[in-house]
Each structure stands twice: as structure tokens, then as C-alpha cells.
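Fold and contact review
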Amino acid sequence: MINCREMLELVEVLAREKNVEEGIVFGVLEMALASAVKKARFPGEDADIVVHVDRDTGTFEAARRWLVVADDEGLQEPDRQEMLSDIIDEFPDAKPGDFIEREIDKIDVDTAGRRFAQDAKQVILQRLRDAERDQILKEFLAKNETIVTGTVKRMDKGDAIVEIGRLEARLPRNQMIPRESIRTGDRVRAYVDRIGETTKGQQVTLSRTSPEFLKKLFELEVPEIEEGLLEIKSAARDPGVRAKIAVYTRDRRIDPIGTCVGMRGSRVSAVTNELGGERIDIVLWNEDPAQFVVGALEPAKVRSIVMLEDTHTMEVVVDEENLAVAIGRAGQNVRLASELTGWQINILTESEANEKRDAEVARIREEFMTKLDVDEDAANVLIDEGFSSIEEIAYVPEKELHAIEAFDTETVDELRQRARNKLLSEAIAREENLRQADKGLIELEGMDNDLAAKLVAHGVKTADDLGELATDDLVEMTGIEEERAQKLIMAARASWF
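The following refers to the structure shown. Predicted, not measured: the structure shown is a model, and the values here were computed from it. Residue positions are given per chain, counted from 1 along the sequence in the order it is written. It should be noted that, the model being predicted, local features are given only for residues of pLDDT at least 70 and side-chain atom pairs only at 80 or more, the latter also being counted only at that level, while totals for whole chains, interfaces and linings use all residues. To get the side-chain values, take all heavy atoms of the structure and skip hydrogens and water.

**Some thoughts on the pattern of salt bridges**
The rule for a salt bridge is simple: a side-chain nitrogen of Lys or Arg has to be within 4 Å of a carboxyl oxygen of Asp or Glu. Considering all chains together, one arrives at 39 salt bridges under this definition. In this structure, the salt-bridge partner of E483 is K487, at a minimum N-O distance of 3.5 Å. One end of the pair is E483 and the other is K487, both in helix 22 (residues 482-493) and four residues apart, which spans about a single turn. Helix numbers and strand numbers start at the N terminus; a helix is a DSSP run of H or I with at least 4 residues, a strand a run of E with at least 2.

**Some remarks on the packing of helix 21 (residues 471-478) against helix 22**
All axes are obtained by fitting lines to C-alpha atoms, using only the stretch in contact for helices, and the reported angles, taken between N-to-C directions, cover 0 to 180 degrees. Where helix 21 meets helix 22, the closest approach of the two axes is 9 Å, and the angle between their N-to-C directions is 120 degrees. Between helix 21 and helix 22 lies a crossing whose hand is right-handed. Facing helix 21, whose interface residues are T471, L474 and V475, helix 22 presents E482, A485, Q486, L488 and I489. Class assignment of the residues belonging to the contact of helix 21 with helix 22 gives a composition of five nonpolar, two polar and one charged. Left-handed describes a crossing whose near helix is turned anticlockwise from the far helix by less than a right angle; the clockwise case is right-handed. Only heavy atoms enter the contact rule, under which two residues are in contact if any of them lie within 4.5 Å. Gly falls in the polar group here, along with every residue not listed as nonpolar (Ala, Val, Leu, Ile, Met, Phe, Trp, Tyr, Cys, Pro) or charged (Asp, Glu, Lys, Arg).

**What about helix 13 (residues 350-371)?**
How far a helix is expected to stretch is found by multiplying one less than its residue total by 1.5 Å. For helix 13, which comprises 22 residues, the first-to-last C-alpha distance of 31 Å matches the rise-based estimate of 32 Å (1.5 Å per residue) to within 8%. Within helix 13 the residues assigned to the buried category are A353, I364, E367 and F368. Along the axis of helix 13, the buried residues cluster in a sector spanning 95 degrees; they form a single face. Those residues of helix 13 that are exposed and angled more than 90 degrees off the buried face are E355, D358 and T370. Accessibility here uses a 1.4 Å probe with only protein chains present; expressed as a share of the type maximum, an area under 20% marks a residue as buried, one over 50% as exposed, and anything in between as partly exposed. Each C-beta atom gives one direction from the helix axis, and the arc is the one those directions make.

**Quick word on the side chain of N333**
Looking at the secondary structure, you find N333 in helix 12 (residues 332-341). Under the rule applied, a polar contact is a pair of N or O atoms within 3.5 Å (in protein, one hydrogen donor and one hydrogen acceptor; residues adjacent in sequence only if both atoms are side-chain atoms). Within the local environment of N333, its side chain forms a polar contact with the side chain of K244, the two groups lying 2.9 Å apart. Once you skip the residues sitting within four places of it in the chain, N333 turns out to touch R242, K244, A296, L297, E298, V325, A326, I327 and G328.

Given below as C-alpha cells:
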């Protein structure tokens, strides 16, 4: 049966083989022996055992340790704690929070039995494997690699376990390109997506579907990117089918798109082949959001574009014959363009845009007629002059209003006063409504004072009142978007559960 010296030699051999630091090995040995002593001497108890191994001889000393607690606290963990009054005679200097130790009779591994030795060896090997895994991960992280190439060692519930040198990483099924077949023994290239905790320690997770993978592949193929002459601003993917990247350069001598395409398409083809034939659109990045969106929607031709900054939305008008191209199969083109630019893109035909514009004009006309007490002709004059709200009429420079040829000075001054009076009365009403609103309603996530005031005006004063509304009712009542309405109602109902 193995003795302590032989066990120590075994661990040292394993440490050299697995490239683990000597200090870690001794720590592993001491934890293993502590576990074995606990099983041999204190079966069924949650004893706290500490072991020190002599680095030269391999002999070890073991002790049982207790935490000292104040008498008024009582023993929360009887196997691991002692009350101060019970040990003060034996340990006169002890105080609550200290540890006391009592030495355990020397254990000879040869005489303690086969079970003791087997337990110690088993724990040593397991802890050593854990230490080796940590060491391998540390070496991998030190390289700071973002793209790796490895061999599929085995398949695990659809995921591929990829061997990268001595490291094993996981490529989940949902991070593989759809319809690609990966088998044991295959060489695969992937992006290091994240490093997360698992029950077995830290796990490196790979991805072949991430937009970052696409960007890194272009960095490998296009030297100008690594040299800083060219930059990939953003990327969007429908993995295995289609992708878009936005490129930019400050060097006017460089053609960003041509540089990424390469001679006879060699560079973009190399990336496409790696991604299973994924078609890649290369778009010129533009600091003007509207121009950027127009480029991102190519090959569709855009007639006009309206930018709505408050909702971060672009309304893009295209001809009827360009509609299908702009939207793409199953909405693919417009979806990728939205992801690439960061703007919500709504595609409209000219007739749809006209209908929407007419509806908006009708809403503004009704607002002017109601709030300013003017007839339809006067309201149309204001709209034709570019006014879209009574706030503009109340606060734009006077010379802009006096420039309206259809109105004399007296009419302009009257309209301006009416607009200001209406805004003041609305502000007073809003403040009054806010005073009536319950604090719980105002503090809901996604709520603001204007919306709360509108709700109170419709009799909705508490979170419970809001929770009882249907989404359609809330949208009609306030004019907010359906998604926001759903979130507000769910937030209001949260306290019910």
C-alpha cells in the first residue's frame, strides 16, 4: 500500500506532466489528506480538518479546527464551532472570531487501511485535474485570442467539444451555422464568445454565428484593418444565409468596399467559404444616419426618407417595384439593415407614405382647429407654412409668424396668444392631474409625468387601475406604442403576483 512519501512523489510526477505549479500541488495534497482524515476519523461529522505536509519528507500533521463564538450567539454549526466559555480555560487568549485547533493523532497511511489511501488518491487526482484545468485556462486567456481553430473531440447533446491545444471549449448547437454538419474529428474555426461558470469550473464557449466572428474573419483577410487604415463599424448576420458589414476609412486613397472584396473577390470569398456560403453585403459607413440607411438597404433604390429622432425610426419610401427588394425574403434585408445601422426602419410605398402623411396632416389640422379655435382654412395655412404643433406657434421667433402673408399682424398676435394660453392651461391641468396620481403609478418603470397626467385625465390614478386596462385601451387612450403599453401594464400587474 502506498505511503505518504510515495504519494508525494506521485503528485510531483503528475505536476511535472501536467505543468502545474508546485505550490498548487502541495495545496491539493493537503486538501486531499484533510478529506481522507475527515472520512477516517470523523465519519458523519462536518469536521473542519486542516493538514500540513512536510515538503521534504512527505509526512503530515493533521488538526481539527473550531471557530470561537460568543456565548450569546449560540452554536449555529456545532461540528465546527465552540462557545468561548467552554474553551477559555484551555485557550485563555481566545476571543470570538478566532480559530482553535486540536491536533489529531498521527495517521500512518500504511496502517490506516486501503480506504484511507484510496480516498486520498481520488481527491488528489480530482483536485489536480481541477488545478490543471485552471492552469490551462489561464494560459489560454493570456494569449488573448478572439478566433481559435481546434479539433472536435466529441459531441455532447448536440454541442461540439472542441480541443484547442490542451483546452477543451464548447461550441453549442445554437451557435453553429444552420445546416452545417460538424462531426468528431473535424477542424473548426470559431469566435471566443464568452467564458462562464459551470458546475465543473469555468467554460470557454465558442460561436460561429456571432457578428463579431464575421468582423474578425475580415480582420484576418484584410491587412488594412489590422494596420488601422480601414475600420469595420458594425455587422449584422442571418447566419449561413446573408450578412452585412459597414466599413469606413479616413484615407481617401483607399476604396473601403473594394479593399474588403479583394482581387477578383478573393478576400470576401474566403470569408464566405468559412461561413458556409453566407452572402455578404459590404456597405459604406456614413456619419449621416439617413445616408447610412440608404446604403444599408441596397440594392433597393430609395425615393425619400424621413428621420424620426424621438423614436429612433427611419421611414423609407421606395417605388412599388423596389418594395420586395427593400424588404427582402421574410423581411431579411430590412431586418439586417436595421441591425447594421441601429435604426428601426419602416419600408413604405409612395401610396402608403401619402396615406400616412395625409393622416398626420389631418391630425395636426384637427389640433389647430380645436386648440386655437380657427377654421379649416386658417389651419391649412399654418400647415402649409410648415407648422406642426401649437408649441411652434407659441414660441418661434415672431418674424417667422409675421412672414405669413395670409395673416395680418393682429391675427398673428392673436394666434400666438391663444397658443400660449392653451399651453399654459394644459400645463396647469397636467400638474393637477399629477397631484391626483398615486405614487405607485408614477414610479412604474417606463412611466413619465406626461403619460401619468394623461392617464389621470382618463380616470386611471393608480397602478391597479392601469393593470386592469387592455393594451388596446391604453394605446387608444394615450397614443403610445403597443410594445410600451404592454410593458407598462405588466409592470402595473407585477404587485398582484
